[in-house]
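Overview (structure and organization)
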2 protein chains.
Amino acid sequence: MRPTLALLLALAATPALAGPSRVEQAAMLRDAALAASDALPLLTDLTTRVGQRLAATPAEARGREWAKAAMKAAGLVNIREEPFTMPVWERGAESAEIIGTGQKLAIAALGTSGATPPEGITAEVVYFADYAALQEAAPGSLAGKIAFIDHRMMRAQDGSSYGTNGVVRRAGPALAAQKGAVATMIRSLGTDYHRNPHTGSTSFPTGQAPTPAVALALPDAELLARRLAAGPVTVKLISTPRSNPNGQSANVSGDIPGSGDEIIVIGGHLDSWDIGQGVIDDGAGMAITLSAAKAIKASGLKPRRTIRVVFWGAEEEGIYGGRAYAEAHKTDRIVLAAESDFGADRVYRLSSKVADTGLPLIAEMQRVLAPLGIAPTRDNTAGGGADVAPLGALGSGILELEQDGSRYFDLHHTPDDTLDKVDRAQIDQNVAAWTAAVWLAASDDRPLRTK
Amino acid sequence: MRPTLALLLALAATPALAGPSRVEQAAMLRDAALAASDALPLLTDLTTRVGQRLAATPAEARGREWAKAAMKAAGLVNIREEPFTMPVWERGAESAEIIGTGQKLAIAALGTSGATPPEGITAEVVYFADYAALQEAAPGSLAGKIAFIDHRMMRAQDGSSYGTNGVVRRAGPALAAQKGAVATMIRSLGTDYHRNPHTGSTSFPTGQAPTPAVALALPDAELLARRLAAGPVTVKLISTPRSNPNGQSANVSGDIPGSGDEIIVIGGHLDSWDIGQGVIDDGAGMAITLSAAKAIKASGLKPRRTIRVVFWGAEEEGIYGGRAYAEAHKTDRIVLAAESDFGADRVYRLSSKVADTGLPLIAEMQRVLAPLGIAPTRDNTAGGGADVAPLGALGSGILELEQDGSRYFDLHHTPDDTLDKVDRAQIDQNVAAWTAAVWLAASDDRPLRTK
């Protein structure tokens, strides 16, 4: 018979007895979370009461209030906000239609993109099969035109297709504008066939004025491509976002204090895009990591290393929170950092980037997570989530609990990022993995930092 | 070895030879359509070049121009428009948000519903679990409130759950208004969990002024229900449709003339809702039936009964076209009528309502359609599609090629009614069934009318 969580709690309360080993403790925490965790109730509460949390807006601030209350209820201490400034970008009116038939196209403006006049712009559309085709367009050849960048992003479990195609969204609008385009439309970086445009940030080099840039839902991108194959197409585009350079966001954190001065940072990002409800991106990461910390706290076990839950602000529009956090805490002894930011489906792989002295700890984690179906890391070169990469660059060890992203880009940055997409068994598997892995690291003292 | 279509064509061109039997001819037509039909190319062309076709609007008129050209290209003759008048209803601005958090709700106004002021209305929401709960509400109890009717519609292959829940949309808004409600929101009549509100017509009794009425996408209905379970909720609703009693629509038809005076009517409806692209509802029905007629025409076979393809106008907002057609043709010898209006997925069942003298013909059809996986009818009481039911009431025999509707209400009346939802093998199976069944009926002379 395996030790149960009740036994664990009893043993934790009677430290004089020889209790279960660290690995046994981790397994007990794992199994308890797998049976039921607080993640889905936390996520339900956040997304029902707060909803979307666009960076540097009152909605994100409401999210911080929720976060502090939830951390307090979880038993965390030293709960605090760490503010930082950033530009704030907010969506305006947006619509697009094909002149002649009036066919409406489902669009969403890209973050940091510029505005059309309120009455919109009407221009001929020029087709580019991919980013490379746009690169080949002659200077000035897009004067007065709307560039349309098509491209194909396939489903990939590890999300790698997002990396491959990301340049279309990040750099396509600026490049098209440099060649004269008055606006840019891209096929969404997405894998679903719903009328779901996928928003996300684009960027313009310093000194280049942002131009209007929107993503088309896949059915709309394919309709437009069919129309363009049959002859010239003119589109009327309205997109009127506003920008303000003086926005404010903040990171929120809370601790389970350890007996030493070393810190483990775990968390997710608090902000979301505006057109969904901030559930899988990244309410899920917040709920998974807070639920893991809550379970460790509730177990009565006392960590050697401080377990700190951080909810970063303003990830979506340029990792403002992650960079501010690393800068503010660069002298802290953060030995390990890990972010959950890839939805709510199961973890299938564990990877890391730690000092060689930490590899035996990673091997312990692999052993405890294997019953969850989680495969060993292939190497020790993990990059970490967007918000912890800056900590990794400063020498923190990095842990990644890689989630199955097969359906992540059906939902990512779309109106469809809603609560019904979360499967309870899958999110609880995440909490089981995080609880066990974090406890193993927090109860250990083998060096993990890479510099 | 089975006779091939090439052989059929050769035999049709040499009538002096003893050719294949009617059943063999039908089987050859069936197999040729199953290998490849014109349905998907026709549907692609219609929905790429025309798109949505809201009743009594210029978009529907563009659809009629497309239809006449496509009928001509298919070799039909006597191509004509038969106009009729009807009220025209057009969507305006629409948005809804929860006061306090500003959470946006994905909505679509219901056809024939009334308008809010341009600035919208802001009112408390009252929850009703279903239509029966609304019926039980006291007179005047909804004064100044927005009624929200929740209900659950499950997936059903035969679409029966739409019938069960239809009263919520058709009659809920009028009933809520009678009890004082300033507006009504319903959970969409749908089975998908996307941010897809399902529009559709509601109705108000003569003399009752229409009030604003909208459908919520399922994720939004469930969010609203969760919020209401936690306490009072106030919503700001904007919906500004316009109505004009003097609209004009028309039916379009074309013939393969028979040697006698009897007529078989097949077709689909030409209009669609405005928020999708009119693909599965009902471009598919148009493409399937026209493609079937085109294949029969191209075979060189000469029918005894005239095969008439009818594309009815204005089905969605009250079966205006179907009723006008039956009235205009009540003295014609229409012996059989059949409509395709349940998407583009496979036919799984054949049903009928014909005179007893026609039952041997239905049995022949069953035998020829069985290799397509189509099961026998259970009885002889089919009602027919919406547009042919008025013909059935006048005595025409009715044939139904019932399609698998398991995913129909994921798409029906939503923005997601787009071309990518159509599977080529499935739509070609429909054409195979229609081609064979129509040829068997058109080459026969057994009486079919029920009165």
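What you are looking at is a predicted structure, and each value in this text was computed from that prediction instead of being measured. (Residues numbered from 1 in each chain as written. Chains lettered and ligands numbered in written order. Predicted model: local features only at pLDDT ≥ 70, side-chain atom pairs only at ≥ 80, totals over all residues. Heavy atoms only, no water.)

Things to note about the overall build of chain A
- Within chain A, the secondary structure is distributed over 13 helices and 15 strands.
- A compact globule built from 451 residues would reach a C-alpha radius of gyration of about 22 Å, and chain A, at 23 Å, matches this within 12%.
- Principal-axis analysis of the C-alpha atoms places the extent of chain A at approximately 80 × 40 × 40 Å.
- Every one of the 451 residues in chain A was classed for burial, and the buried ones make up 61%.
- Sequence-distant contacts, at least 24 apart, represent 84% of the contacts inside chain A between residues at least 6 apart.
- Averaging the locations of the 44 positively and 50 negatively charged side chains of chain A gives two centres separated by 2 Å. (Helix = DSSP H or I, 4+ residues; strand = E, 2+ residues; numbered from the N terminus. Rg over C-alpha atoms; globule rule 2.2 N^0.38 Å. Buried < 20%, exposed > 50% of the residue type's maximum accessible area, 1.4 Å probe, protein only. Contact = heavy atoms within 4.5 Å. Lys, Arg positive; Asp, Glu negative; His and termini not counted. Charge placed at Lys NZ, Arg CZ, Asp CG, Glu CD.)

With respect to the relation of the copies chain A and chain B
- It takes a turn of 180 degrees to lay chain A on chain B, together with a shift of 0.0 Å along the axis; the resulting RMSD is 0.0 Å. The two molecules are tied by a two-fold rotation axis, judged by turn and shift. Minimal C-alpha separation from the rotation axis in chain A is found for A:His194, amounting to 3.9 Å. (Least-squares fit on C-alpha atoms with pLDDT ≥ 70 in both.)

Points about helix α6 (residues 160-178) of chain B
All names here are of chain B.
- With 19 residues, α6 should cover 27 Å at 1.5 Å per step; its first-to-last C-alpha distance of 28 Å lies within 8% of that length.
- The principal kink in α6, of about 55 degrees, is found at Ala171, preceding the proline Pro173 by one to four residues.
- All of the buried residues along α6 are Ser161, Asn165, Gly166, Val168, Arg169, Gly172, Pro173, Ala174, Leu175, Ala176 and Ala177.
- After α6 finishes, the residue Gly180 shows a positive phi value of roughly 105 degrees. (Expected span 1.5 Å × (residues − 1). Bend = angle between axes of the 7 residues up to and from the residue.)

Some remarks on the side chain of A:Asn165
All names here are of chain A.
- Its place among the elements puts Asn165 in helix α6 (residues 160-178).
- Classification of Asn165 by relative accessible area gives buried; the value is 10%.
- Within polar-contact distance, the side chain of Asn165 engages the backbone oxygen of Ser161 at 2.9 Å.
- If we skip the residues at most four places from it in the chain, Asn165 touches His151, Arg152, Met153 and Leu189. (Polar contact = N/O pair within 3.5 Å; in protein donor to acceptor, adjacent residues only side chain to side chain.)

Quick notes on the domain arrangement of chain A
Residues and elements named next belong to chain A.
- Along its sequence, chain A is carved into domain 1 (5-88 + 246-442) and domain 2 (92-240).
- Spacing between the C-alpha centres of domain 1 and domain 2 amounts to 34 Å.
- Taken residue by residue, the interface counts 20 residues in domain 1 and 20 residues in domain 2.
- Taken together, the two surfaces of domain 1 and domain 2 that pack against each other cover about 1500 Å², and 53% of this comes from carbon and sulfur. (Domains from an automatic or database assignment. Buried area = accessible area lost by both parts, 1.4 Å probe.)

Considerations on the side chain of B:Arg169
All names here are of chain B.
- Turning to its location among the elements, Arg169 is positioned in helix α6.
- Buried Arg169, no salt bridge; nearest opposite-charge side chain is Glu316, N-O distance 6.4 Å.
- Reaching out from Arg169, the side chain makes a polar contact with the backbone oxygen of Ser201 at a distance of 2.9 Å.
- What Arg169 contacts, discounting residues up to four positions off in sequence, is Leu110, Tyr162, Ile186, Leu189, Thr199, Gly200, Ser201, Thr202 and His413. (Salt bridge = Lys/Arg side-chain N within 4 Å of Asp/Glu carboxyl O.)

Topic: the sheet that holds strand β2 (residues 94-98) of chain B
Residues and elements named next belong to chain B.
- As summarised here, the arrangement of the eight strands in space is β3-β2-β9-β5-β6-β7-β8-β4, forming an open sheet in which the pairing is mixed. Of all strands in the sheet, those with a lone pairing partner are β3 (104-105) and β4 (107-109), marking the two edges.
- Here strand β7 (residues 183-187) runs beside strand β8 (residues 213-216); their pairing, made up of four bridges, is parallel. By the bridge assignment for β8, Met185 is matched with Val214.
- Contacting β6 (146-149), β7 and β8, α6 crosses the sheet at an angle of about 150 degrees to β7. (Pairing = 2+ DSSP bridges. Axes fitted to C-alpha atoms, helices over the stretch in contact; angles between N-to-C directions.)

Thoughts on unusual backbone geometry
- Of note, the amide linkage connecting A:Asp281 to A:Asp282 takes the cis form, showing an omega dihedral of 5 degrees.
- When you line up the elements, A:Asp282 lands in helix α8 (residues 279-299).
- The phi angle at A:Ile319 is positive, at roughly 55 degrees, despite the residue not being glycine.
- Looking at the secondary structure, you find A:Ile319 in the loop between β12 (306-312) and α9 (320-328).
- Unusually for a residue other than glycine, B:His413 sits at a positive phi of about 65 degrees.
- Within the fold, B:His413 resides in the loop between α12 (408-411) and α13 (424-442).

Some remarks on the interface of chain A and chain B
- Of the residues lining the interface, 28 residues belong to chain A; the matching set on chain B comes to 28 residues.
- For the pair chain A and chain B, the two sides together bury roughly 2100 Å², of which 46% comes from carbon and sulfur.
- Three residues, A:Thr48, A:Arg195 and A:Arg226, lead the burial of chain A against chain B; their summed loss comes to 26% of the area buried on that side.
- Along the contact surface separating chain A from chain B lie 17 residue pairs in polar contact (both at pLDDT 80 or more).
- Of all the secondary-structure elements, those providing two or more residues to the side of chain A that touches chain B are α3 (39-49) and α7 (218-230) of chain A.
- The element that contributes the greatest number of residues to the side of chain A that touches chain B is α7(A), accounting for five residues.

A word on the sheet that holds strand β15 (residues 397-403) of chain B
Residues and elements named next belong to chain B.
- Taken in spatial order, the seven strands line up as β1-β10-β12-β11-β13-β15-β14 in an open sheet, and their pairing is mixed. Every interior strand has two partners, whereas the edge strands, β1 (77-90) and β14 (347-353), have only one. Between one strand and the next, the sheet's axes are offset by a mean angle of 20 degrees, whatever the strand orientation.
- Here strand β10 (residues 242-256) runs beside strand β12 (residues 306-312); their pairing, made up of five bridges, is antiparallel. Residue Gly254 lies in a different strand from β12, and its bridge partner there is Val309.
- Across the sheet, helix α9 (residues 320-328) touches β1, β10, β11 (263-269), β12 and β13 (334-339), and the angle it forms with β1 is around 135 degrees.
- Across the face of the sheet, helix α10 (residues 359-369) comes into contact with β14 and β15 while running at roughly 175 degrees to β14.

Examining the pairing of strand β6 (residues 146-149) of chain A
Residues and elements named next belong to chain A.
- Of the two faces of β6, the one holding Ile146 and Phe148 and the one holding Ala147 and Ile149 are both buried throughout.
- Where β6 and strand β7 (residues 183-187) come together, four bridges link them in parallel fashion. Along β7, the bridge assignment pairs Ile146 with Ala183.
- The parallel pair β6 and β7 is bridged by α6, and the resulting crossover is right-handed. (Right-handed = clockwise from strand over helix to strand, strands pointing away.)

Observations concerning the confidence of the model for chain A
- Looking at chain A, pLDDT values average 95 and 96% of them are 70 or higher.
- Interface predicted TM-score (ipTM) for the complex: 0.89; the corresponding pTM is 0.92. (pLDDT = per-residue confidence, 0-100.)

Section: the packing of helix α3 (residues 39-49) of chain B against helix α8 (residues 279-299) of chain B
All names here are of chain B.
- Across the interface, α3 lies against α8 with an axial gap of 8 Å and an inter-helix angle of 135 degrees. For the element pair α3 / α8, the angle class is oblique. Judged by the sense of rotation from one axis to the other, the crossing of α3 with α8 is right-handed. Residue-level contacts link Ala39, Leu42, Leu43, Leu46 and Thr47 of α3 to Val279, Gly283, Ala284, Met286, Ala287, Ile288, Leu290 and Ser291 of α8.
- Of the residues assigned to the contact of α3 with α8, the class counts are 10 nonpolar, three polar and no charged. (Parallel < 35°, antiparallel > 145°, perpendicular 65-115°, else oblique. Left-handed = near helix turned anticlockwise from the far one by under 90°. Nonpolar A, V, L, I, M, F, W, Y, C, P; charged D, E, K, R; others polar.)

Describing α13(B)
- Between the first and last C-alpha of α13(B) there are 26 Å, a value that for 19 residues agrees with the 27 Å anticipated at 1.5 Å per step.
- The opening residue of α13(B) is B:Asp423, an N-cap whose side-chain oxygen sits 3.2 Å from the backbone nitrogen of B:Ala425.

As for the environment of A:Ala250
All names here are of chain A.
- Of note, Ala250 is situated in strand β10 (residues 242-256).
- The spacing of Ala250 and Arg64 is 186 residues in sequence and 8.1 Å in space, taken between C-alpha atoms.
- Not counting residues up to four positions away in its chain, the partners in contact with Ala250 are Arg64, Glu81, Glu82, Pro83, Phe84, Phe311, Trp312 and Gly313.

Regarding the packing of aromatic side chains
- Within the structure shown, the criterion is met by 14 aromatic pairs over all chains.
- For the ring pair B:Trp89 and B:Trp273, a centre distance of 6.3 Å and an interplane angle of 80 degrees mean the geometry is edge-to-face. Taken together, the positions of B:Trp89 in strand β1 and B:Trp273 in the loop between β11 and α8 put the pair 184 residues apart, joining distant regions of the chain. B:Trp273 matches B:Trp89 in its accessibility class, with the two residues each being buried.
- Among the aromatic side chains, those forming a connected cluster through ring pairs are A:Tyr162, A:Phe342, A:Tyr408 and A:Phe409.
- The cationic tip of A:Arg323 hangs over the ring face of A:Tyr320; the distance from NZ or CZ to the ring centre is 5.3 Å. (Phe/Tyr/Trp six-rings, centres within 6.5 Å; stacked < 30°, edge-to-face > 60°. Lys NZ or Arg CZ within 6 Å of the ring centre and 35° of its normal.)

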